[in-house]
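Given next are the chains, with one letter for each unit.
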Amino acid sequence: MNAKKEIAAMEDIRLLVDTFYGKVRIDPLLGGIFNGVIKDRWPQHLEKMYSFWQTVLLGVHTYYGSPFPPHAQLPVEQKHFDAWLKLWHETVDEHFTGKKAAEAKWRGDKMAVMFLSKIGYYRNNPAKPLL
Ligand code: HEM
């Protein structure tokens, strides 16, 4: 039996992130894209994602990066974000329940919409020099 619990501590964030990216890495649609960029830097990527979700969900401010730039040039569209969100929701629900679990899913949804819209914008409006 695997009782669901609240996301309350760093060990919960690690479980969430490790389980999620474990699925992402072998996903037929997403795996190649992630592995192609990250290559042998998975430990660093996971550390960054622990700190991102720790900041968002636990209010412990350890992430000072800019989430969007690494996504700007990725060959992704709606179906990739759908696949990302499906795995994210599934992973959160597998292990957790409660307010922070709901917030994790909500934040994933919002960021996916925002990333997709920015990616579309930059594709249609390539940056032009002013002079
Ligand atoms: C199709 C969907 C997505 C793909 C393929 C994708 C892929 C990637 C890749 C390749 C990196 C860079 C890793 C590196 O070079 O170290 C990255 C970083 C990151 N991703 Fe995503 N991602 C996706 C969706 C999302 C969503 C929805 C979120 C929102 C929670 C997210 C949050 C982040 C964050 C916070 C970083 C670290 C940014 C930094 O460098 O500070 N990603 N992602």
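The structure under discussion appears in the preceding block.
Scope of this entry: the structure provided in the associated data block. (Residues numbered from 1 in each chain as written. Predicted model: local features only at pLDDT ≥ 70, side-chain atom pairs only at ≥ 80, totals over all residues.)

## Details of the overall build of the chain
Link 1 in the chain: Secondary structure assignment for the chain yields five helices and zero strands.
Link 2 in the chain: Along the chain direction, N to C, the helices and strands of the chain fall in the order α-α-α-α-α.
Link 3 in the chain: A compact globule built from 131 residues should have a C-alpha radius of gyration of about 14 Å, and the chain, at 16 Å, falls within 12% of that.
Link 4 in the chain: Taken along its principal axes, the extent of the C-alpha atoms in the chain is 60 × 30 × 25 Å. (Helix = DSSP H or I, 4+ residues; strand = E, 2+ residues; numbered from the N terminus. Rg over C-alpha atoms; globule rule 2.2 N^0.38 Å.)

## Here's the deal with the nonpolar core
Link 1 in the chain: With 14 residues, the main nonpolar core has Ile7, Leu16 and Val92 as its most contacted residues.
Link 2 in the chain: Taken together, the elements giving at least two residues each to this core come down to α1 (10-26), α4 (78-95) and α5 (99-124).
Link 3 in the chain: The element that contributes the greatest number of residues to this core is α4, accounting for five residues.
Link 4 in the chain: Discounting residues that sit within four places of it in the chain, Val92 has contacts with Leu16, Ala101, Ala104 and Lys105. (Core = buried A, V, L, I, M, F, W, Y, C linked by C-beta atoms within 7 Å. Buried ≥ 20, exposed ≤ 12 C-beta atoms within 10 Å, placed from the backbone. Contact = placed C-beta atoms within 7 Å.)

## A few points about the site of the ligand
Link 1 in the chain: Around the ligand, the surrounding shell holds 23 residues, and the nearest of these are Val37, Gly65, Pro70, His80 and Met111.
Link 2 in the chain: Those elements giving two or more residues to the shell around the ligand turn out to be α2 (31-38), α3 (42-58), α4 and α5.
Link 3 in the chain: Partitioning the shell around the ligand into residue classes produces 15 nonpolar, six polar and two charged. (Near = placed C-beta within 6 Å. Nonpolar A, V, L, I, M, F, W, Y, C, P; charged D, E, K, R; others polar.)

## Details of the environment of Leu15
Link 1 in the chain: With respect to the element layout, Leu15 can be found in helix α1.
Link 2 in the chain: Looking at Leu15, the number of C-beta atoms within 10 Å reads 17, which means it is partly exposed.
Link 3 in the chain: Considered as a pair, Leu15 and Met49 are 34 residues apart in the sequence and their alpha carbons are 12 Å apart.

## Thoughts on the packing of α1 against α4
Link 1 in the chain: Their axes nearest at 10 Å, the elements α1 and α4 cross at an angle of 140 degrees. As far as their axial angle goes, α4 and α1 are oblique. Pair α1 / α4 crosses with right-handed handedness. Between α1, through Leu15, Leu16, Thr19, Phe20, Lys23 and Val24, and α4, the contact on the second element is made entirely by Leu87, Trp88, Thr91, Val92 and His95. (Axes fitted to C-alpha atoms, helices over the stretch in contact; angles between N-to-C directions. Parallel < 35°, antiparallel > 145°, perpendicular 65-115°, else oblique. Left-handed = near helix turned anticlockwise from the far one by under 90°.)

## Topic: α3
The α-helix advances 3.6 residues per turn, and as a result positions three or four apart in sequence lie on the same side.
Link 1 in the chain: Across its 17 residues, α3 extends 23 Å between first and last C-alpha, which sits within 8% of the 24 Å expected from 1.5 Å per residue.
Link 2 in the chain: Gly59 lies just past α3 and shows a positive phi near 70 degrees. (Expected span 1.5 Å × (residues − 1).)

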